[in-house]
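Chain and residue survey
These are the residues of each chain, in order.
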Amino acid sequence: MSDLEHLLHSLGLEQYVVVFDREEVDMEAARLLGDGDFAALGIPLGPRRKIQAALKGEQASAATSPAIATAERRQLTVLFCDLVGSTALSGAMDPEALRGLMGRYHEVCRVVVETYEGQVAQYLGDGVMAYFGWPVAREDDAERALRAGLELVGAVKRVAGAPSALQVRIGVATGPVVVGEGGEESTAGGVASPKLAVGETPNLAARLQGLAAPDEIVASAPTRRLAGGVFEVRDLGNHVLKGVVDPVAAWQVVGLKQTEGRFEASRGAEQRLSAFVGREQEVGLLAEKWSQACAGRGQVVLLEGEPGIGKSRITQWLLEHIREGRHYRLRYQCSPYHAQSAFHPIIEQIERAAKFGPEDGAEGKLVKLQGLLDSPRPQSARKQALFAALL
């Protein structure tokens, strides 16, 4: 959706999008139109004045914005979410009902974005732009943005009041921007928005959204690389995008990849482990405890240390060391994305054991769960119901 389309949608004048498209008028050209030009386009006086005031407001805002002393250059992941079929909705719904629907849609987007520590930057009619990495940067901002996108696809379908389930297209891009507090903040839905980021990345996210089919997420190559092997992706090849100089590699994010741990997921299949050196004491102790456990003397080892010191790497060494021996491995990991679910590590282990796939529906998952429990006896029905409720 172009900037001019977003402006018209925000004014409730989306019926004039086709008028501007017919005459090949974009935002830059619209700012140059005089009153007679608008009249020649067949736009009535009332809507004409609203559009002219909005265009002048944008120019004045750009001209009078003070320099941002606190602005900074940083890497940012931008998510752009666009509602599918909003023009058809405006024709099928009463304006007041549509306004209420858009408010609920915006609120759902805000809640999902903030669940993953993102921040809504701007509401653009039926579009939502969100930042991951400002004002607080995290090492997994790209992953958080893609997880938020996957959740948004399902969450908007549950928005009440729509003639049919809502669908969205989502684009996600990562790159350098200049962003910071300063000037007047815009508000939408009662939520304060940060100063908009300046750079190619927001525009790239919006263009990638245009490549997505309904309920699809398209990410840039840097976003995909930073997210590691956490997601199932499909290479969409290189695309020439409007306003972007060089062809851009695009990747469709299909869903979360079934991996046993965050360490494997964060590396990705193409990344090799570096040589393991300098941990002779630690690995020697683990090998000794494993030998004692194999001899019938049960052992418990607590491995602790500062973030990034190499705990996961040492654990990976142990898994490789015992690969050929007889053992049954259970791995439970907490996740910052599921802090509200106390049983998430157990749920995740059961899902892996049952080999749930992203394409499995409720019936398919139930069949796999029954196969995992392997209990055809009638009294096992209660046990299956307990596990199904947990999942």
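Source: prediction; values computed, not measured.

A count of helical and extended segments in the protein chain gives 16 helices and nine strands. As presented, the protein chain carries roughly 22,000 Å² of accessible surface, and 53% of it is formed by carbon and sulfur atoms.

Bringing the pairing of strand S1 (residues 72-83) into the picture now. Counting buried positions along S1 yields nine of twelve residues, so the element is predominantly enclosed. Pairing between S1 and strand S4 (residues 168-179): twelve bridges, direction antiparallel. The residue bridging Gln75 from the neighbouring strand is Pro176, located in S4.

Moving on to the pairing of strand S9 (residues 248-256). Direction of pairing for strand S7 (residues 216-220) relative to S9: antiparallel, over a ladder of three bridges. Looking at the pairing, Val218 lines up with Gln252 of S9. The sheet contact formed by strand S8 (residues 231-239) and S9 spans seven bridges and is antiparallel. Among the inter-strand pairings, Glu232 is bridged to a residue of S9, identified as Gly255.

Now for the side chain of Gln349. Looking at the secondary structure, you find Gln349 in helix H14 (residues 344-354). Not counting chain neighbours up to four residues away, the residues in contact with Gln349 comprise Leu330, Arg331 and Tyr332.

Consider a sheet: its strands pair through backbone hydrogen bonds, and that pairing is either parallel or antiparallel. Read across the sheet, seven strands follow the order S2-S3-S1-S4-S7-S9-S8 without closing on themselves; strand pairing throughout is mixed. On the outer flanks of this sheet lie strand S2 (119-124) and S8, each paired with one strand and no other. Strand-to-strand, the axes of this sheet are offset by a mean angle of 25°, without reference to chain direction. Set on the sheet, helix H7 (residues 95-115) makes contact with S1, S2, strand S3 (127-132) and S4; between it and S3 the angle comes to about 15°.

Within the secondary structure, Tyr123 is located in strand S2. The class of Tyr123 is buried, set by a relative accessible area of 13%. Separated by 17 residues in the primary sequence, Tyr123 and His106 have C-alpha atoms spaced 7.7 Å apart.

On to the nonpolar core, then. Core analysis: the largest hydrophobic core is formed by 37 residues, its most contacted members being Tyr105 and Ile170. Counting residues per element, this core draws most heavily on H7, at seven residues. Among all residues touching Ile170, those that are not within four sequence positions of it are Leu79, Phe80, Cys81, Gly149, Leu152, Val153, Gln209, Ala212, Glu216, Ile217 and Val218. Counting residues in hydrophobic clusters, the runner-up holds 22 residues, among them Leu76, Leu124, Leu204 and Ala250.

Below, the discussion takes up the packing of aromatic side chains. Applying the stated criterion across every chain, the model contains one aromatic pair. For the ring pair Phe20 and Phe38, a centre distance of 6.4 Å and an interplane angle of 70° mean the geometry is edge-to-face. Taken together, the residues span a long stretch of sequence, with Phe20 in helix H2 (residues 17-22) and Phe38 in helix H4 (residues 35-40) at a distance of 18 residues. Looking at Phe20, the relative accessible area reads 1%, which means it is buried. The exposure class of Phe38 is buried, given its relative accessible area of 1%.

Okay, helix H12 (residues 280-294) next. With 15 residues, H12 should cover 21 Å at 1.5 Å per step; its first-to-last C-alpha distance of 21 Å lies within 8% of that length. Of the positions making up H12, those classed as buried are Val283, Leu286, Ala287 and Gln292. Just downstream of H12, Gly296 is the residue with a positive phi angle, here 100°.

Attention now goes to the packing of H7 against helix H8 (residues 141-155). Here H7 crosses H8 at 150°, and the two axes come no closer than 9 Å. In terms of their interaxial angle, H7 and H8 are classed as roughly antiparallel. Considering only the axes of H7 and H8, their crossing is right-handed. Note on element contacts: H8 touches H7 through Ala148, Glu151, Leu152 and Ala155, opposite Val108, Cys109 and Val112. Here the residues of the contact of H7 with H8 are counted per class, giving six nonpolar, no polar and one charged.

This part takes up the side chain of Arg74. Positionally, Arg74 belongs in strand S1. Taking the relative accessible area as the measure of exposure, Arg74 reaches 17% and is therefore buried. Reaching out from Arg74, the side chain makes a polar contact with the backbone oxygen of Gly133 at a distance of 3.3 Å. Not counting the four nearest positions on each side in its chain, Arg74 is found in contact with Gly133, Trp134, Pro135, Val136, Ala137, Gly175, Pro176, Val177 and Val179.

Here we come to the confidence of the model for the protein chain. The share of residues in the protein chain with pLDDT of 70 or more is 86%, and the mean pLDDT across the chain is 83. Taken element by element, the predicted model of the protein chain shows its lowest mean pLDDT in strand S5 (residues 187-188) (45) and its highest in S7 (97). Scored below 50 in pLDDT, residues 64-69 makes six contacts in the model with residues more than four places away or belonging to other chains. Segment residues 182-193: pLDDT under 50, and 20 contacts once partners within four positions in sequence are set aside and those in other chains are kept.

Cut-offs applied
- Residues numbered from 1 in each chain as written.
- Predicted model: local features only at pLDDT ≥ 70, side-chain atom pairs only at ≥ 80, totals over all residues.
- Heavy atoms only, no water.
- Helix = DSSP H or I, 4+ residues; strand = E, 2+ residues; numbered from the N terminus.
- Areas by Shrake-Rupley, 256 points an atom, 1.4 Å probe, with all protein chains shown as cover.
- Buried < 20%, exposed > 50% of the residue type's maximum accessible area, 1.4 Å probe, protein only.
- Pairing = 2+ DSSP bridges.
- Contact = heavy atoms within 4.5 Å.
- Axes fitted to C-alpha atoms, helices over the stretch in contact; angles between N-to-C directions.
- Core = buried A, V, L, I, M, F, W, Y, C linked by side-chain atoms within 4.5 Å.
- Phe/Tyr/Trp six-rings, centres within 6.5 Å; stacked < 30°, edge-to-face > 60°.
- Expected span 1.5 Å × (residues − 1).
- Parallel < 35°, antiparallel > 145°, perpendicular 65-115°, else oblique.
- Left-handed = near helix turned anticlockwise from the far one by under 90°.
- Nonpolar A, V, L, I, M, F, W, Y, C, P; charged D, E, K, R; others polar.
- Polar contact = N/O pair within 3.5 Å; in protein donor to acceptor, adjacent residues only side chain to side chain.
- pLDDT = per-residue confidence, 0-100.

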